[in-house]
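# A look at the structure
Now for the letters of each chain:
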Amino acid sequence: MQVWLGNYAIATDNGTSYQRQRDVIKAAVQAYGTDHIGGITVGNEFILDYLDDNGGTDPNSAIGNQGAAILLQYIQDTRSMLQSMGVSIPVGNSDAGAYFNNEILGAVDYGMANVHPWFANVSAQQGAGWTNDFFVQTDVALANTLSNKPSMYIAETGWPTKSSDLGNESNGPSNASISNLQIFLDTFVCQANTNGTQYFFFEFADEDWKDKQFGGVEGWWGLFNQNRTLKDGITIPTCQSP
């Protein structure tokens, strides 16, 4: 098994959260080596959050580039840390699929795109096709225009099974439900494996803290319940590995 380590940097704390996580990652590499580390991802939806907090919408606008300048310092610092340790690990970035900043993506080895048909108000039946098309046409296409041509992954995609309130139980065309998660599983997983799409399915198990903090569907994306039992009615697809 390989893992991709994440550093969830925050733009407003002068690097405090970044540095704390960087030091934890450094200690883990020193203790366990690099054989099972696929990459270190610096920033998750950093530009999306920065734009939201500063009244912007375009990741490559002046506001987006201001946020990028902050994150680029952390990306370079991570590279310097690895160099000082004498190890080589790919360094990447994760963001919402439509919010990659070109300067950031041009400075990393890989990009991870969060691509959710639920939040795009796409039906469960059309979700797999939409996810593939969006990822290829938006994220892979962008990466191919850059000189470093970073590898691209889908960092998050999936379907929620319930909502904690009635107002968020539907995205318009489809409800949050186990049956619709099964539809998305059946139509996405084998197709993505066959296409060679690099992806992480979102997610393993429900997360109670997300439900308490955010409500709606946020805590209910798991294939498994919070107690690590497979959700009743879910069948994991049997198909060829990527």
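Within each chain, residues carry numbers counting from 1 in the order of the written sequence. Reporting in this predicted model follows two pLDDT cut-offs: at least 70 for local features of residues, and 80 or more for side-chain atom pairs to be given and counted; totals over whole chains, interfaces and linings ignore these cut-offs and use all residues. Hydrogens are left out, water is left out, and the side-chain values use all remaining heavy atoms of the structure.

Defined as follows: UniProt positions are given in the numbering used here, feature names are shortened, and annotations may be inferred rather than shown by experiment.
The name given to the chain in an unreviewed UniProt entry is glucan endo-1,3-beta-D-glucosidase, with Gymnopilus junonius as the source organism. Heading Function (unreviewed entry) of the UniProt record for the chain holds this comment: "Glucanases play a role in cell expansion during growth, in cell-cell fusion during mating, and in spore release during sporulation. This enzyme may be involved in beta-glucan degradation. Active on laminarin and lichenan."

### Some remarks on helix α6 (residues 178-195)
Inclusion rule: Helix and strand assignments come from DSSP, with helices taken as H or I runs of at least 4 residues and strands as E runs of at least 2, each series counted from the N terminus. Helix span is expected to be 1.5 Å times the residue number reduced by one. Whether a residue is buried, partly exposed or exposed follows from its accessible area with a 1.4 Å probe, protein chains only, as a fraction of its type maximum: under 20%, in between, or over 50%, in that order. Two residues form a contact once any of their heavy atoms are found within 4.5 Å.
Taking 1.5 Å of rise per residue, the 18 residues of α6 would be expected to cover 26 Å, and the 25 Å separating its terminal C-alpha atoms lies within 8% of that figure. Every buried residue of α6 is listed here: N180, L181, Q182, F184, L185, F188, V189, A192 and N193. Residues of α6 that are buried in the fold lie against α5 (124-145) and β5 (151-156). In the segment just after α6, G196 is the residue with positive phi, at about 80°.

### Let's talk about the nonpolar core
Put simply, the rule reads: To form a nonpolar core, buried Ala, Val, Leu, Ile, Met, Phe, Trp, Tyr and Cys residues must be joined to one another through side-chain atoms within 4.5 Å.
If you look at the biggest cluster of nonpolar residues, it comprises 46 residues, and the most contacted ones within it are V42, L71, I75 and F188. For this core, the secondary-structure elements that each account for two or more residues are α1 (16-32), β2 (37-44), α2 (46-54), α3 (62-85), α4 (102-105), α5, β5 and α6. Beyond its immediate chain neighbours, meaning those up to four positions away, V42 contacts N7, Y18, L71, Y74, I75, T78, V91, G92 and N93.

### Quick look at the environment of G56
Relative to the assigned elements, G56 resides in the loop between α2 and α3. In this view, G56 contacts L51 and I63; residues no more than four positions away in its chain are not counted.

### Brief notes about the pattern of salt bridges
Here is the rule we go by: Just to be clear on terms, a salt bridge is a Lys or Arg side-chain nitrogen sitting within 4 Å of an Asp or Glu carboxyl oxygen.
This structure, assessed with the given rule, holds six salt bridges. We note a salt bridge from D206 to K231, for which the minimum N-O separation is 2.8 Å. On the criterion of sequence distance, the pair formed by D206 in the loop between α6 and α7 (208-214) and K231 in the segment after α7 is long-range, its members being 25 residues apart. Side by side, D206 and K231 carry an identical accessibility label, which is buried. In this structure, the salt-bridge partner of D208 is K212, at a minimum N-O distance of 2.9 Å. Of the two residues, D208 and K212 both sit in helix α7, four residues apart, roughly one turn of that helix. Judged by relative accessible area, which is 67%, K212 ranks as exposed.

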